[in-house]
Amino acid sequence: MAIFSVYVVNKAGGLIYQLDHYVPRSDTEKTFSFPLDLVLRPRDERVVVAFGQRDGIRVGHAVLAINGAEVNGRFTADGKDVLEFLSNPANYPVSIRFGRHRLSSNEKLMLASMLFAIGSQLSPEVGSSGIEMLETDTFKLHCFQTLTGIKFVVLADPRQAGIDALLRKIYEIYSDFALKNPFYSLEMPIRCELFDQNLKLALEVAEKAGSFGPGS
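A. Region of interest: the packing of aromatic side chains. In the structure shown here, the tally under the stated rule is 6 aromatic pairs. Seen in terms of ring centroids, phenylalanine 32 and phenylalanine 98 are 6.1 Å apart; in terms of plane orientation they differ by 80 degrees. Their pairing is edge-to-face. Residue phenylalanine 32 is located in strand β3 (residues 28-32), and its partner phenylalanine 98 is located in strand β8 (residues 94-99); the two are separated by 66 residues in the primary sequence. For phenylalanine 32, a relative accessible area of 3% puts it in the buried group. With relative accessibility at 0%, the residue phenylalanine 98 sits in the buried group. Each ring, one from phenylalanine 144 and one from tyrosine 171, has its centre 5.7 Å from the other, and the planes form 55 degrees; the classification is tilted. Highlighted residues: phenylalanine 144 in strand β10 (residues 140-145) and tyrosine 171 in helix α3 (residues 163-179), separated in sequence by 27 residues. An aromatic cluster is present here, built from Phe144, Phe152, Tyr171 and Tyr174 joined pairwise through their rings.

Below is the structure:
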């Protein structure tokens, strides 16, 4: 069981804090001969698998590195177009690392805003505060919203217990180490070392114990 990440979203829908606690490794690196037995297509400034799956490589996975060098979107480390490079038989055999695309800070900001806007708009009840829990086969999204509109979001393994208690603990840490910090401004990004330290400790405790006892 694991806790994947934590997000704090202000009442305007802006992401003010994000921590990747545990990211499951999904990268797969293989050496290929020509012709490549996967169909690759450009998508959102990346090159992704459009058809064909093998050895842990899945449709939607992006090309992350070629011959050990990280790619830069649709271009190799030395500036060549990835698709053109892979269409040239002279470049084979070639080692390609595939995996899930790492979201940029801007993409995380956009997704946080979209998620809660959609949750509120789709609700059949007037005045809904949005999503409290969203479940998939690989993770659960849990959300706790304060009376002031701050949202605390935890993404965790579906089997992870004690998330409700963890969300309350994160709110407590926010109150103690962000709100009481004289240099912190409300609604602004949280940049506080004590907040980081205590949050990481709380996540470790939750993963091991699944809950928080009195005085924790």
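What follows continues from the structure just given.
B. Inspection of unusual backbone geometry at higher detail. A cis amide bond links phenylalanine 34 with the next residue in sequence, proline 35, at an omega value of 0 degrees. Inspection of the secondary structure puts proline 35 in the loop between β3 and β4 (39-43). In this structure, proline 93 follows tyrosine 92 across a cis peptide bond, with omega equal to 0 degrees. Tracing the backbone through its elements, the reader meets proline 93 in the loop between α1 (82-86) and β8. At aspartate 55, a position not held by glycine, the phi torsion is positive, near 50 degrees. The partly exposed category is assigned to aspartate 55, whose relative accessible area is 43%. In this structure, asparagine 67 takes a positive phi of about 50 degrees despite not being glycine. Since its relative accessible area comes to 47%, asparagine 67 is described here as partly exposed.

Rules used in this analysis
Along each chain, residues carry numbers from 1 onward, in the same order as the chain's sequence is written. Per-residue local features are limited, in this predicted model, to residues with pLDDT of at least 70; the limit for side-chain atom pairs, both in listing and counting, is 80 or more; totals at the level of whole chains, interfaces and linings are taken over all residues. Side-chain figures throughout are based on the complete set of non-hydrogen atoms in the structure, without hydrogens or water. A pair of Phe, Tyr and Trp rings is counted when the ring centres sit within 6.5 Å of each other, with Trp represented by its six-membered ring. The angle between the planes then sorts it: under 30 degrees is stacked, over 60 is edge-to-face, the rest tilted. The helix count covers DSSP runs of H or I at least four residues long, the strand count covers runs of E at least two residues long, and both are numbered beginning at the N terminus. Only protein chains enter the area calculation, which uses a 1.4 Å probe; residues under 20% of their type maximum are buried, those over 50% are exposed, and those in between are partly exposed.

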